[in-house]
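What follows is the residue order along each chain.
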Amino acid sequence: MIARLYDEQGMTLLEILATLIIVAFAMISIYTGILYAEKQVQRNYHDRVATLHASGELDWQTYYKKNYKEFDLFSNRTVVIDRLNRGRLLTGIMSTRLSETFENAFGMVVPYSALEITVKWQEPGDNTARSIVVREDFY
């Protein structure tokens, strides 16, 4: 058995270099994946907050319509989507849009109002324009 230990030649410098390159490539790939996942989680969070703002406003509009027989329409209201580092805020613009239309149901023309709540913002980092639209029909 002792003779076998002396027969081992070890690894060459080329094998060690190839191994280091493979390990470095794997680590860079994992790091890139983590950065992408973190950015996607942040984007999903912003979408969810904007959706909550829009659905909350839709609830308010439903309440207002039920009690006052009209909608409380507005445009360009600022909403806070996220608190960023160094005290900065990610804000969006929320607007309402009401459209009156008709639907043909079982041979009858039925009028209804379609209310859309839109929240728009610029995603930090890559400055892509993002928006969420929530719609409710009122008969």
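Our structure is the block above this text.
Summary of the structure given here. (Residues numbered from 1 in each chain as written. Predicted model: local features only at pLDDT ≥ 70, side-chain atom pairs only at ≥ 80, totals over all residues. Heavy atoms only, no water.)

**Section: the sheet that holds strand β4 (residues 129-138)**
Inference 1: The strand order across the open sheet built from 4 strands is β1-β2-β3-β4, with neighbouring strands paired in antiparallel fashion. Edge positions in the open sheet fall to β1 (77-83) and β4, since each of these has one partner strand only. For this sheet, the mean inter-axis angle between neighbouring strands, taken without regard to orientation, is 30 degrees.
Inference 2: By the bridge criterion, 10 bridges tie strand β3 (residues 108-122) to β4 in an arrangement that is antiparallel. What sits directly across from Leu115, in β4, is Glu136. (Pairing = 2+ DSSP bridges. Helix = DSSP H or I, 4+ residues; strand = E, 2+ residues; numbered from the N terminus. Axes fitted to C-alpha atoms, helices over the stretch in contact; angles between N-to-C directions.)

**What about the nonpolar core?**
Inference 1: Of all hydrophobic cores here, the largest spans 18 residues; its most connected members are Ile81, Met94, Leu115, Ile117, Val119 and Trp121.
Inference 2: Setting aside anything within four residues of it in sequence, one finds Leu115 in contact with Leu58, Gln61, Phe71, Leu73, Thr96, Arg97, Leu98, Val134, Arg135, Glu136 and Phe138. (Core = buried A, V, L, I, M, F, W, Y, C linked by side-chain atoms within 4.5 Å. Buried < 20%, exposed > 50% of the residue type's maximum accessible area, 1.4 Å probe, protein only. Contact = heavy atoms within 4.5 Å.)

**Observations regarding helix α2 (residues 13-68)**
Inference 1: Its 56 residues give α2 an end-to-end C-alpha distance of 82 Å, which sits within 8% of 82 Å, the value for a rise of 1.5 Å per residue.
Inference 2: Looking at α2, one finds that the buried residues are Arg43, His46, Asp47, Val49, Ala50, Ala54, Glu57, Leu58, Gln61 and Tyr64.
Inference 3: In this structure, the buried side of α2 is in contact with β1, β2 (89-105), β3 and β4.
Inference 4: In the stretch just after α2, Lys69 is the one whose phi turns positive, near 65 degrees. (Expected span 1.5 Å × (residues − 1).)

**Some remarks on the packing of aromatic side chains**
Inference 1: A full pass over the atoms with the stated rule returns 5 aromatic pairs.
Inference 2: A centroid spacing of 5.5 Å and a plane angle of 35 degrees characterise the contact between Trp60 and Tyr63, whose relative ring orientation is tilted. Pair noted here: Trp60 and Tyr63 are both in helix α2, with a separation of 3 residues, about one helical turn.
Inference 3: Taking 4.6 Å as the distance between ring centres and 40 degrees as the angle between the ring planes, the aromatic pair formed by Tyr64 and Tyr68 counts as tilted. A residue pair is termed a helical-turn pair when its members lie 3 or 4 positions apart in one helix, as Tyr64 and Tyr68 do in helix α2 at 4 residues.
Inference 4: Chaining the aromatic ring pairs together yields one cluster made of Trp60, Tyr63, Tyr64 and Tyr68.
Inference 5: When the ring centre of Phe74 is taken as origin, the NZ or CZ atom of Arg77, which lies over that ring, is 3.6 Å away. (Phe/Tyr/Trp six-rings, centres within 6.5 Å; stacked < 30°, edge-to-face > 60°. Lys NZ or Arg CZ within 6 Å of the ring centre and 35° of its normal.)

**A few points about unusual backbone geometry**
Inference 1: If you check the backbone angles, Asn76 has positive phi at about 60 degrees while not being a glycine.
Inference 2: Within the secondary structure layout, Asn76 lies in the loop between α2 and β1.

**Focus on the pairing of β2**
Inference 1: Bridge count between β1 and β2: 6 bridges; the pairing is antiparallel. When the sheet's bridge partners are listed, Thr78 is paired in β2 with Ile93.
Inference 2: The loop that links β1 with its antiparallel partner β2 comprises 5 residues; one of these, Arg86, has a positive phi angle of about 60 degrees.
Inference 3: Relative to β3, β2 is paired through 13 bridges, and the arrangement is antiparallel. Bridge pairing links Ser95 to Thr118 in β3.

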